[in-house]
Structures are given as structure tokens and as C-alpha cells.
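Read off the chains here:
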Amino acid sequence: MSQHLLHTPLYALHVKMGAKMVPFAGYEMPVQYALGVKKEHLHCRNAAGLFDVSHMGQLRLSGENAAKMLEMLVPVDIIDLPQGKQRYAFFTNKDGGIEDDLMVTNFDDHLFVVVNAACKKQDIDHLQSHLQAGVELTVIENRALLALQGPKAVEVLAQLNPQVRDMVFMDAVRIELLGQECYVSRSGYTGEDGFEISVPNSHAEALATTLLADENVEWIGLGARDSLRLECGLCLYGHDLDQTTTPIEASLLWGISKVRRSGGERAGGFIGADVILTQMVTKAVTRKRVGLIGQTKAPVREGSLLFDADDNQVGVVTSGSFGPSIGIPVAMAYVTLTSSNVDTVLFAEVRGKRLPMTVTQMPFVAQHYYRGK
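These numbers were taken from a predicted model, which means no experiment stands behind them. Residue numbering note: each chain is counted from 1, following its sequence as written. Local features in a predicted model are, by the rule used here, given only for residues with pLDDT of at least 70; side-chain atom pairs are given and counted only at 80 or more, and totals for whole chains, interfaces and linings are based on all residues. Calculated side-chain values reflect all of the structure's heavy atoms, with hydrogen atoms and water omitted.

S.K.: Please explain the side chain of Asp101 as it appears in this structure.
M.R.: Helix numbering and strand numbering both begin at the N terminus, where a helix is a DSSP run of H or I of at least 4 residues and a strand a DSSP run of E of at least 2. As for its position among the elements, Asp101 is in strand β6 (residues 98-106). A polar atom in the side chain of Asp101 sits 3.0 Å from the side chain of Tyr88. Here the side chain of Asp101 touches Asn116 through a polar contact of 2.7 Å, side chain to side chain. Not counting residues up to four positions away in its chain, the partners in contact with Asp101 are Tyr88, Ala89, Phe90, Asn116, Tyr189, Cys235, Tyr237 and Leu241. Throughout this description, a polar contact denotes any pair of N or O atoms lying within 3.5 Å of each other; where both atoms belong to protein, one of them has to be capable of donating a hydrogen while the other can accept it, and for residues adjacent in sequence the pair is counted only when both atoms sit in side chains. Any two residues whose heavy atoms approach within 4.5 Å at even a single point are treated as in contact.

Shown next, in the form of C-alpha cells:
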């Protein structure tokens, strides 16, 4: 293993637990544990899985104009984001492409921002280059990040602090867990109910060990994290999203707040707004992100070319694997508009064979976010 790879505060615990470690986004990360990817995946769907996501970037934006400044970089309503709420956003470029996707939380005295590990440096540089007077950017280096996901996650975490029972999807609070202040949001990237927990580095192992002591909780590695998010139709930056793909092409219209759209109270005003808002109105795109399910048992991987019934190349797979929860291959792809209709049959080229796949609505597996009773 290359010595220049970084380690999260939980590295030693992963090794102790027998994790298979691999390079990922500049870190040495666990791809799977003794259970194996399939069993880890199904355990998260049925009980609770614990993920180390400390490689991601945790940032703090503070100052009177922090929300106003961030709105210049994302097509999302940040100014009116309620205190104690989290929102999905993405940085855009002048051509309307997506530079990264991120989560933003309003903690009243600051905005807490979580960015992808692979884009961390460029995101920090991007924010610093657009800092306004009176706005301060702090890179949080002293906190780990854990994700506890699955239908039993709330029962597990409530044993440490019952306040989490009162949270709904995208709520965020600062509460004590094991005597330490943690930033807890009811969110995650598996499609299941669950929480993301920012904890001081010095107490990350103690918190992880306590959670794992519950019989419902198992460590989950990057392998199952990828298949879980794919089954629920969630994009992975650098695969399904990139600098050349606009939110409209990516079918992320829901991620553009109404007040930032044409005719909205604060329409435009973000980088690439002219391109993105024009695409919204004219629908002038040539490709679209779609879901595909396989008609055979063979998984179709990223990079596989897609053809129509007349042998015309019409797209490419950006994420693909076998879906353990439903027992069939699933994939996301970008295809031409004429090939994007639900129930269209396309053919993926895999090792010289053309495998039939059907365009379908996403998510492939129902999302179970808790929105209240």
C-alpha cells in the first residue's frame, strides 16, 4: 500500500476488524469486511450499517454574508434555509456543469458544509476564491464523520440520546453523544433512514465501538455503500456527475430551488445560471440520465456502451452493479433523448456480447427516509 495515502481516525479499528483496505480519494479505506459486500448491503437494508466517511471534507462558513455568498455558487436556496435544516446542493461552472455535489446545514452561527473527498481541495479553493468581506471559511480537521444507516438506526442511536427520535429527514442538531458534542443530521446516502454524525477525532473510536456493540450494527465498506446508493438512484460524483454534465442532463431538476429558477424571487445569480435556466425552459439537451435494469443476470459495469435495436450507439453506463436487494443487475446511464423513454430496450456491450436492458424509473429500490408520522 502506497505510503502517501491518508488515514481516517478509525483506520486502526478497520484493520483490527479485518477490513480489506484499498486506495480511495487519497485515503486508505475499507472496501469490505468479513461479511462480504452482498451481506453488508443486505444487513444495512434490514438492520443498521455503520460507515466511516471521515475522508469527506467538513467545512464551516461563518459571517453575516455566508449564505448570500454561497448562493452565488449553487442554484439552491441557502438564504432561507431554516436553522437546524440540511439541504443538498451542487457547485456549478460557467458552462452549467457540476463541479461537485455537497450538503449544507444551517447551524445558525455558521453553515456546516460537507463535500466529497475527491473534490475536497478544489472545493476549498473554489470557496476561498469567492470569499466576501466578513465571511470566514474554516476547514474542520479535528472531526471524523460516521454514517449510521438502516431501519434500526434510530433505535440504536436513541440509546445514546433519545432526542434523535424527534428528528425527521434533513433535520440537523448539535447534541451530546457519550459526553461529546456531535453534529447529527438525519440523512445519508443509502436511501435508508439513518444519521450522519460528525464527532471529535479523539472520540470517534469510542463512538464507533459503542454503536458496533449493538447486535443490529455491522461495519459496512465502500463496496456495499456503492451498491446501496445505486439501488436508490443516487448519483456518485466523478461517475454520474461531472464538470461536463448539467443538472438538467443529470435529471436533478429537483435540486434547483424554485426561488433560484426563472421567475423566482432570486432567480439566477449563480455561476452557469444562463446555461442551466435556459435548458430548464427550452429542454434543449441531447442526453439524459436514466435507470436501467438487466434482462439477464450479468452485471453491466461503468463504461459499457449502449446500443439501440438498430445497432446505433446511444449512450454509456456511468454506474452499474448487481442489485442485491432485488436480485437483478441495475445501472445508471446517459442516453440520447430518443432512447430515454421508460420501457425502451437497449443493449449493453459486455465482453463482446450485447446484453438487453430496459429503461426504468428510479429509484430501483424504494427510499425509506423518515419524514414524520
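S.K.: Teacher, can you tell me more about the nonpolar core here?
M.R.: Most often, soluble globular proteins have nonpolar side chains that are buried together. Residues belong to one nonpolar core when they are buried, are Ala, Val, Leu, Ile, Met, Phe, Trp, Tyr or Cys, and are joined through side-chain atoms within 4.5 Å. Exposure classes here rest on a 1.4 Å probe applied to the protein chains alone. A residue is buried below 20% of its type maximum, exposed above 50%, and partly exposed in between. Ranked by size, the top nonpolar core spans 31 residues in total, and within it Leu148, Leu157, Val184 and Phe195 carry the most contacts. Only β3 (48-52), β9 (143-149), α5 (153-158), β10 (172-177), β11 (180-185), β12 (194-200), α6 (201-212) and β13 (217-219) provide two or more residues apiece to this core. Among the elements that make up this core, the one with the highest residue count is α5 (five residues). The contacts of Leu157, once residues within four sequence positions are left out, are Leu148, Val164, Leu177, Val184, Phe195, Ile197 and Leu211. In this structure, Tyr88, Ala250, Leu277 and Tyr369 belong to the second largest nonpolar core, which totals 24 residues.

S.K.: I keep staring at helix α2 (residues 37-46) and nothing clicks. Help me out?
M.R.: Given 3.6 residues per helical turn, the α-helix brings residues three or four places apart onto the same face. Within α2 the residues assigned to the buried category are Glu40, His41, His43, Cys44 and Arg45. Turning to α2, the residues buried within the fold contact β2 (27-32), β3, β9, β13 and α7 (222-231).

S.K.: Help me understand the sheet that holds strand β7 (residues 111-115) in this model?
M.R.: Pairing between the strands of a sheet is mediated by backbone hydrogen bonds and can be parallel or antiparallel. For two strands to pair, DSSP has to find at least two bridges joining them. As summarised here, the arrangement of the five strands in space is β5-β6-β7-β4-β8, forming an open sheet in which the pairing is antiparallel. Each of the sheet's edge strands pairs with one partner strand only, and the pair in question is β5 (86-92) and β8 (136-139). Strand-to-strand, the axes of this sheet are offset by a mean angle of 30 degrees, without reference to chain direction. Here the axes come from fitting lines to C-alpha atoms, over the contacting stretch only for helices, and the angles between their N-to-C directions go from 0 to 180 degrees.

S.K.: Got a minute to help me understand the environment of Thr338 in this structure?
M.R.: Within the secondary structure layout, Thr338 lies in the loop between β17 (328-336) and β18 (345-350). With 265 residues separating them in the primary sequence, Thr338 and Leu73 have C-alpha atoms 32 Å apart.

S.K.: How should the pattern of salt bridges be read in this particular structure?
M.R.: Close approach of charged atoms lets side chains of opposite charge pair. One side-chain nitrogen of Lys or Arg within 4 Å of one carboxyl oxygen of Asp or Glu is enough to make a salt bridge. According to the stated counting rule, one finds 17 salt bridges in the structure shown. The shortest N-O distance in the salt bridge between Asp77 and Arg266 comes to 2.7 Å. Of this pair, Asp77 sits in the loop between α3 (66-71) and β5 while Arg266 sits in the loop between α7 and α8 (273-282), and the two are 189 residues apart along the sequence. Both residues of the pair, Asp77 and Arg266, count as buried. Here Arg165 makes a salt bridge to Glu155, at a shortest N to O gap of 3.1 Å. In this pair, Arg165 is assigned in the loop between α5 and β10 and Glu155 in helix α5, connecting sequence segments 10 residues apart. The partly exposed category is assigned to Arg165, whose relative accessible area is 42%.

S.K.: How do you make sense of the pairing of β6 when you look at a structure like this?
M.R.: One face of the sheet, then the other: side chains in a regular strand alternate in exactly this way. Here β6 lies mainly inside the structure; nine of its nine residues are buried. Note that β5 and β6 share seven bridges and pair antiparallel. Counterpart to Gln86 in the pairing with β6 is Thr105. Between the end of β5 and the start of β6, which pair antiparallel, lie five residues, with Gly96 showing a positive phi angle near 85 degrees. Relative to β7, β6 runs antiparallel, the two sharing five bridges. Bridging across to β7, Thr105 finds its partner in Phe112. Connecting β6 to the antiparallel partner β7 that follows it, the hairpin turn spans four residues, and Asp108 within it adopts a positive phi of roughly 70 degrees.

S.K.: Just to check I follow, could you spell out the pairing of β11 for this structure?
M.R.: Of the pairings in the sheet, the one linking β10 to β11 comprises six bridges and is antiparallel in character. Note on β11: the bridge partner recorded for Ala172 is Ser185. Connecting β10 to the next strand, β11, in antiparallel fashion are two residues, including Leu178 with a positive phi near 55 degrees. Pairing geometry for β11 and β12, over three bridges, is antiparallel. Bridged to Val184 within β12 is Ile197.

S.K.: What's the story with unusual backbone geometry in this structure? I'm lost.
M.R.: Excluding glycine, a negative phi dihedral is what most residues carry, and trans is how most peptide bonds are arranged. The amide bond that connects Met362 to the next residue, Pro363, takes the cis arrangement and shows omega of 5 degrees. Assignment of secondary structure puts Pro363 in the segment after β19 (353-360). Phi at Ala25 is positive, roughly 50 degrees, even though this residue is not glycine. Take Ala25: it is sitting in the loop between β1 (20-24) and β2. Positive phi outside glycine occurs at Asp343, with the angle close to 80 degrees. By secondary structure assignment, the location of Asp343 is in the loop between β17 and β18. By relative accessible area, which is 59% here, Asp343 ends up exposed.

S.K.: Mind showing me how you'd approach the packing of aromatic side chains here?
M.R.: One pair of aromatic rings is described through two measures. These are the centre distance and the angle between the planes. The aromatic pairing rule takes the rings of Phe, Tyr and Trp, using the six-membered ring of Trp, and pairs them if the centres are within 6.5 Å, calling planes under 30 degrees apart stacked, those over 60 edge-to-face and the rest tilted. For the structure shown, the criterion picks out seven aromatic pairs. For the pair Phe107 and Phe112, a centre-to-centre distance of 6.1 Å together with 35 degrees between the ring planes defines the contact as tilted. Look at Phe107 and you get buried, because its relative accessible area is 5%. With centroids separated by 5.4 Å and ring planes inclined at 50 degrees, the aromatic side chains of Phe107 and Tyr183 adopt a geometry described as tilted. Taken as a pair, Phe107 in the loop between β6 and β7 and Tyr183 in strand β11 lie far apart in primary sequence, 76 residues in all.

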